[in-house]
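Single-letter residue listing:
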Amino acid sequence: MDSALGPPEAMAEKREELTPMMRQYHDLCARYDDALVLFQVGDFYETFCGAAERTARLLEITLTSREDSTGEYPMSGIPIDNAESYIEALLEAGYRVAVADQVEEPGETSGVVGRAVTRVITPGTLTEDELLASDDNNFVAAVARGDGSGAPSDDDALALALLDVSTGDFLATSSTSSEAITDEISRFDPSEAVVGPDASTDLVPADCMVTPFDAAVFERERAASLLSQYFGQPDALVAGDAETRACGALLAYAEYARGGEHGQADDTDEPADAGNSEPAPPIDASQRTRLEYLTHLTRYDPREYLLLDAVALRSLELFEPRAVHARDDATLVGALDETASALGGRKLRDWVRRPLLEPDRIDARLDAVEELTGSVQSREHLHELLRDVYDLERLIGRISRERANARDLRSLRDTLAVVPELRERLADADCERLERLHETLDPLADIRELIDDAIVSDPPIEITAGGVIAEGYDADLDDLRATARDGKQWIDDLEERERERTGVDSLKVGYNSVHGYYIEVTNPNLEAVPENYERRQTLKNSERFVTPALKERESQIVGAEERADEREYDLFCDVRRQVADEVERVQTLADAVATLDALVSLATVAAQYDYCRPEILEPDAGSDDATATGDPSGLEIDIEGGRHPVVERTQDSFVPNDAHFADDERLAVITGPNMSGKSTYMRQVAQIVLLAQVGSFVPATAARLTPVDRIFTRVGASDDIAGGRSTFMVEMDELATILRAADERSLVLLDEVGRGTSTADGLAIAQAITEHLHDAVGATTLFATHHHPLTDVAEDLEAAFTLHFEVEQDEGEVVFEHEVAPGAATGSYGVEVATAAGVPETVVERSRELVDEAASDGTAVTTTDVERSAEAVAATADGGDVPTDIAAELRALDLAHLTPVEALTELDRLKQVLENER
Ligand code: ADP
Ligand code: MG
């Protein structure tokens, strides 16, 4: 175990001797032995011993020590006020953090202050706004396998449950295919996963942290019982045993993160015991740690959505740009996101993550987008209103977890205040989707009224120091406040009265925190002091007095104020609980607002960037059986004037291109020189299809298409060096997946496949793949290649055709037209591209010579220009007039993994070497 976790050895050896506080620390570390315990001491979270050394190094904070009668312990502390940034760093370093707060006031107890772990912070269970992206979900996943004791089909079922603890989004799915589960994990991109004992951690993609957790929570009985405590009988909720286990385990983990111990006792209710050696009595954990705002579980079948695996998500740049230096929003979702609220941002991401398949559902969204696109005024007004919407989901989560303050309640109220207007804007809506939203947008007038009545309009952050509850909400509170006010008024008037009574005009009434209220008389006037004044304090020039009546008033004021603060706190908690009881209504509203925001965003983008409504075609009824037969599928993609949604925004002038695919023209072999636009074209076709299935308008002048079931992509080595996935093995692995899983309802993009090996091999593989996709799979395929002979292959295949990108030569300069045309490219222009890229003239000249030599010997016609150039140099080297170490260097060059410019630079260097040797 990590030496920073678990009870420090130095303490464990002599637990009985430790001071009560250190024993408390030791015991909490023992109980949360898989987390780093942050132990509140006053204004700091402290760590001791190994944990202190580790955190000091990690967080670059001072390592001190604490000495008591039992020894000296290394110690380091982080200030509670800005603990969040430190905790974030600990999470990034792979720790879970157990926050042990003081749960008693130091004055309240005679012994050591009670402490309890109030939350365990893990990457996947964050609820702290500071640590979360506002417009994206943060999921924790659980993966489990059924044990076959349920339905027969459960035997090898794998299930995935996903939970966003901050919003309450909870999903479950299952499949007999482990690949399908891995794909779903990639889709939701959880930051943490717990994996059941029978499931393999290999299912979880490498970028997701796998957290070890008590295997017992995956047991069926236990999982089922927890699941039913939340949502009712598992049988009615989820499909089978595996899902029950995954969901139950995930709930247990979420409860654990709230400071509960997944069903075992803990000490949150017994703070005074935390320092004792006796364990706390067992209590039902669900009573304290239960997450009441988890009100529904959504189960889905991956086959209901367009399937996108990790490779496709990445290469289509849905959520992350591929280029290392690209702007963060140079993504598909970035191009679509004009949402005004965090709620809408998350909804939009969910839609992009799971594009639809059914034309009816797609058209329902498109209808709404169309209507909103058409009415500019209404759309802009809605957008404005939505900007005033707070993050309702996280607000109600906080309210339910009793972590909300009075300002949060006011934020909820302010959001509710917007709803009637949103509703009114939709009153005349024509399409069904917007009509339904109009109905669902319930302004929750009762909740708003409650908050309006109870909470002052600009409350303090602190909830225990008064000033939170509005006048007139509670008679007792008003009385207490009146008493305090009367007392203060009496004291305010006292000065005037006593001046009159004593005739001393300089007499003053004042207050200090040690002695309370006093009457101050300067030394020359002391003779005028009446009998009932009692001396309190002697200063240099004056004396301070109190009177019995003043003392009485004072204790009246203090007593009333203290009781008022307590009363306010109780009332606040009560209001918060009342609101929390309405969690489902708030969540329903939140979902409606989020949907509206996402639709308005799509409409805004459509209008702003001149998108068109795609016509969605019904898939052929006859092609339902998903076996790869190569039979006609009726799949059709027709795009006129299509544009790449991301590239067109960064390009001064983007050249639109058409695309046409149907049963008899379903495989396109695309050729053209480097930089001519092949990759951009292929991606834009896939992205337009994807956008349409999201229910968005698309960047084209017209589009008609049948929804596809799955998009596959394989981007060749030369295009993916930055991603570090450039080995031949990876390429073959991805191809194998495509060939195995694609069918006639798939859209396949192959970009420069067959590059990671020798030319002859590469071409052979490319040709075999083309034939297989054409004959056996029948998928709609776009294949960009530098293997020119592949265009001949395409001519021979019935439903294949060729496309190419030409370049113009203008006085030796290349000009890219970026325009796709039927037929094969006549040649490639690598060397000219090098000129355009600014490669030195000498190098370019030499390259031209080499290309010509290679062309005349006729053997290398299938390679790219640069490869040809280099190979020609190597051939010359063999001729004898080149030093053999250069020949060796040339042979060692890994051409498949060099970009053209890198290759030319390398040639230039070698040439310099030769020159120098002469
Ligand atoms: P290839 O795959 O043929 O090497 P790319 O598709 O990567 O070429 O395109 C190279 C560059 O050309 C892109 O980065 C983009 O800047 C530009 N480009 C591509 N297609 C177009 C287009 N249709 N209109 C304008 N510029 C384009
Ligand atoms: Mg390319």
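All of these numbers come straight from a predicted model, not from anything done at the bench. Along each chain, the written sequence defines residue order, and numbers are assigned to residues from 1. Ligands are numbered from 1 and chains lettered from A, in the order in which they are written. Local features are withheld for residues below a pLDDT of 70 in this predicted model, meaning they are given only at 70 or higher, and side-chain atom pairs are given and counted only at 80 or more; totals for whole chains, interfaces and linings count all residues. Side-chain calculation: all heavy atoms of the structure are included, whereas hydrogens and water are not.

Chemist: Provide a residue-level description of the packing of aromatic side chains, including the pertinent values.
Modeler: Here a Phe, Tyr or Trp ring, Trp counted by its six-membered ring, pairs with any other such ring whose centre lies within 6.5 Å, and the pair is stacked when the planes are under 30 degrees apart, edge-to-face when over 60, and tilted otherwise. Under the criterion given, the structure shown has 16 aromatic pairs. Geometrically, the ring pair formed by tyrosine 253 and tyrosine 256 is stacked, given 5.7 Å between the ring centres and 25° between the ring planes. Of this pair, tyrosine 253 and tyrosine 256 both sit in helix α8 (residues 241-257), separated by three residues, roughly a single helical turn. Here tyrosine 253 and tyrosine 256 have matching classes, each one buried. Aromatic side chains tyrosine 533 and phenylalanine 545 sit 5.5 Å apart centroid to centroid with 45° between the ring planes, which places their arrangement in the tilted category. With tyrosine 533 in the loop between β15 (516-522) and β16 (534-538) and phenylalanine 545 in strand β17 (residues 542-546), the pair connects residues that are 12 residues apart, well separated along the chain. Numbering of helices and strands runs from the N terminus; a helix is a DSSP stretch of H or I covering at least four residues, while a strand is a stretch of E covering at least two. Only protein chains enter the accessibility calculation, which uses a 1.4 Å probe. A residue is then buried if its area is under 20% of the maximum for its type, exposed if over 50%, and partly exposed in between.

Chemist: Please set out the site of ligand 1 residue by residue, giving values where relevant.
Modeler: When at least one non-hydrogen atom of a residue lies within 4 Å of a molecule or strand, that residue is treated as near it. Inspection of the region around ligand 1 gives 13 residues, with Val655, Met675, Lys678, Ser679 and Thr680 positioned closest. Distance and chemistry together define a polar contact, namely a pair of N or O atoms within 3.5 Å, with one atom able to donate a hydrogen and the other to accept it when in protein, and with adjacent residues in sequence counting only for side-chain atoms on both sides. Here an oxygen atom of ligand 1 and a side-chain polar atom of glutamine 651 are 2.9 Å apart. The separation between a nitrogen atom of ligand 1 and a polar side-chain atom of histidine 818 is 3.5 Å. Per-residue and other accessible areas were derived by the Shrake-Rupley procedure at a 1.4 Å probe size, with only the shown protein chains allowed to occlude residues. Isolated, ligand 1 exposes 560 Å² of accessible area, and the fraction of that covered by the protein chains is 82%. Counting residues per element, the shell around ligand 1 draws most heavily on helix α23 (residues 678-694), which supplies three residues. Residue composition of the shell around ligand 1, by class: four nonpolar, eight polar and one charged. Under the scheme applied, nonpolar residues are Ala, Val, Leu, Ile, Met, Phe, Trp, Tyr, Cys and Pro; charged residues are Asp, Glu, Lys and Arg; polar residues are all the others, including Gly.

Chemist: Give a detailed account of the pattern of salt bridges, specifying residues and quantitative values.
Modeler: Salt-bridge detection follows one rule: a side-chain nitrogen of Lys or Arg within 4 Å of a carboxyl oxygen of Asp or Glu. Applying the stated criterion to the full structure yields 49 salt bridges. In this structure, the salt-bridge partner of aspartate 301 is arginine 303, at a minimum N-O distance of 3.0 Å. On the accessibility criterion, arginine 303 (69% relative accessible area) is exposed. With its nearest N and O atoms 4.0 Å apart, the salt bridge here joins arginine 448 to aspartate 452.

Chemist: Could you give an account of empty space enclosed by the protein, naming the residues involved and the relevant values?
Modeler: Using protein atoms alone on a 1 Å grid, points that fit a 1.4 Å probe yet trap it form a cavity, whereas open point sets bounded by protein on both sides within 12 Å along at least five of seven lines form a pocket; residues with an atom within 4 Å of a point count as lining. Grid points are joined across faces, edges and corners, and a volume is the space filled by probe spheres set on the points. Tallying each qualifying case throughout the model produces five cavities of 30 Å³ or more. Mapped onto the lining of the second largest cavity, the elements with two or more residues apiece are β6 (115-121) and α8. The element that contributes the greatest number of residues to the lining of the second largest cavity is β6, accounting for four residues.

Chemist: Just give me the short version of the sheet that holds strand β11 (residues 209-211), but keep the residues and values in it.
Modeler: Note on pairing: two strands pair once DSSP finds at least 2 bridges between them. One open sheet holds the six strands; their spatial order is β11-β10-β7-β8-β9-β12, and the pairing between them is mixed. Since the sheet does not close on itself, it has two edges, and those belong to β11 and β12 (298-299), each with one partner. In the sheet, strand β7 (residues 140-145) pairs with strand β10 (residues 192-195) via four bridges, with the strands oriented parallel. Note that in β10 the partner of alanine 141 across the bridge is alanine 193.

Chemist: Got a sec to walk through the UniProt feature "binding site: ATP" (unreviewed entry) in the protein chain? Specific residues and values, please.
Modeler: UniProt positions are given in the numbering used here, feature names are shortened, and annotations may be inferred rather than shown by experiment. Mapped onto this numbering, the UniProt entry gives "binding site: ATP" (unreviewed entry) at Gly672, Pro673, Asn674, Met675, Ser676, Gly677, Lys678 and Ser679. Considering the arrangement of structural elements, one finds proline 673 in the loop between β21 (667-671) and α23. Examined against the element boundaries, glycine 677 turns out to sit in the loop between β21 and α23. Glycine 677 gets classed as buried once you look at its relative accessible area, which sits at 16%. Pairs of residues are marked as contacts when any of their non-hydrogen atoms sit within 4.5 Å. Not counting residues within four places of it along the chain, the set of residues in contact with glycine 677 comprises Phe805 and His818.

Chemist: Quick one: what's the story with the sheet that holds strand β4 (residues 71-79), residue by residue and with numbers?
Modeler: In a beta sheet, neighbouring strands are held together by backbone hydrogen bonds and run either parallel or antiparallel to one another. Strand order in the open sheet formed by six strands is β3-β4-β2-β1-β5-β6, and the pairing between neighbours is mixed. The outermost strands of the open sheet, each flanked by one partner alone, are β3 (64-68) and β6. Shown here is a sheet whose adjacent strand axes are inclined to one another by a mean of 35°, direction ignored. As defined by bridge partners, strand β1 (residues 36-41) adjoins strand β2 (residues 44-48) across three bridges and the pair is classed as antiparallel. Paired with valine 41 across the bridge in β2 is phenylalanine 44. Think of each axis as a best-fit line through the C-alpha atoms, taken over the contacting stretch in the case of a helix, with angles from 0 to 180 degrees between the N-to-C directions. Most of the contacts of helix α2 (residues 20-31) go to β1, to which it runs at about 155°, and overall it touches β1, β2, β3, β4, β5 (97-102) and β6. Contacts between helix α3 (residues 49-59) and the sheet are confined to β1, β2 and β4, with β4 contributing the most and set at about 40° to the helix.

Chemist: Outline the packing of helix α24 (residues 728-741) against helix α25 (residues 759-777), supporting the account with residue identities and numerical values.
Modeler: Here α24 crosses α25 at 15°, and the two axes come no closer than 11 Å. Classed by the angle they form, the pair α24 and α25 counts as roughly parallel. The interaxial crossing formed by α24 with α25 has left-handed handedness. The segment α24 lies against α25, with Phe728, Met732, Leu735 and Leu739 engaging Ile765, Ile769, His772, Leu773 and Val777. Any angle between 65 and 115 degrees counts as roughly perpendicular, while under 35 counts as roughly parallel, over 145 as roughly antiparallel, and the rest as oblique. A clockwise turn of the near helix away from the far one marks a right-handed crossing, whereas an anticlockwise turn of less than a right angle marks a left-handed crossing.

Chemist: Quick rundown of the state of the cysteines? Include the residues and the values.
Modeler: A pair of sulfur atoms, both from cysteines and within 2.5 Å, is called a disulfide here. All told, the structure shown has zero disulfides when counted by the stated rule. No disulfide involves cysteine 29; its nearest neighbouring cysteine sulfur is the one of cysteine 49, lying 8.6 Å away.

Chemist: Provide a residue-level description of unusual backbone geometry, including the pertinent values.
Modeler: At aspartate 189, a residue that is not glycine, the phi angle is positive and equals roughly 50°. Counting through the fold element by element, aspartate 189 comes out in the loop between α5 (178-188) and β10. Positive phi, normally seen in glycine, also occurs at glutamate 402, with a value near 60°. Structurally, glutamate 402 can be placed in the loop between α15 (392-400) and α16 (406-425).

Chemist: Lay out the layout of surface pockets in plain terms, naming residues and giving numbers.
Modeler: Looking at the second largest pocket, its volume works out to about 2,200 Å³. Asp101, Thr118, Glu402, Arg403 and Ile463 are the residues nearest the centre of the second largest pocket, which is lined by 46 residues in total. Within the residue set of the lining of the second largest pocket, elements represented by two or more residues are α4 (83-92), β5, β6, α9 (285-289) and α20 (548-580). In terms of residue class, the lining of the second largest pocket is built from 14 nonpolar, 10 polar and 22 charged.

Chemist: Requested: an account of α3, with residues and values cited.
Modeler: For an α-helix the count is 3.6 residues per turn, leaving residues at separations of three or four pointing the same way. Taken together, the buried positions of α3 are Cys49, Ala51, Ala52, Thr55, Ala56 and Leu59. The arc enclosing the buried residues of α3, seen along the axis, measures out at 135°, which places them on a common side. Directly after α3, the chain includes glutamate 60, whose backbone phi takes a positive value near 55°. This arc describes the spread of directions from the helix axis toward the C-beta atoms.

Chemist: Explain the nonpolar core to me, using residue names and the numbers behind them.
Modeler: Of all hydrophobic cores here, the largest spans 203 residues; its most connected members are Leu412, Leu434 and Val579. Ranked by the residues each element gives to this core, the list is headed by helix α21 (residues 583-608), at 15 residues. Residues enter a nonpolar core if they are buried and are Ala, Val, Leu, Ile, Met, Phe, Trp, Tyr or Cys, with the set joined through side-chain atoms within 4.5 Å.

Chemist: Tell me about a negative patch on the surface, residues and numbers included.
Modeler: Patch rule: a residue counts if its relative accessible area is over 30% and it has no salt bridge; like charges are joined within 9 Å, and nonpolar side chains (Val, Leu, Ile, Met, Phe, Trp, Tyr) within 5 Å. Only four residue types enter the tally: Lys and Arg on the positive side, Asp and Glu on the negative side, with His and both chain ends excluded. We put the charge of a Lys on NZ, of an Arg on CZ, of an Asp on CG and of a Glu on CD. A contiguous patch of negative charge, built from Glu808, Asp810, Glu811, Glu813, Glu817 and Glu819, is present on the exposed surface. Elements supplying a minimum of two residues to the negative patch: β26 (800-810) and β27 (813-822). Tracing the backbone shows glutamate 817 in strand β27. With relative accessibility at 31%, the residue glutamate 817 sits in the partly exposed group.

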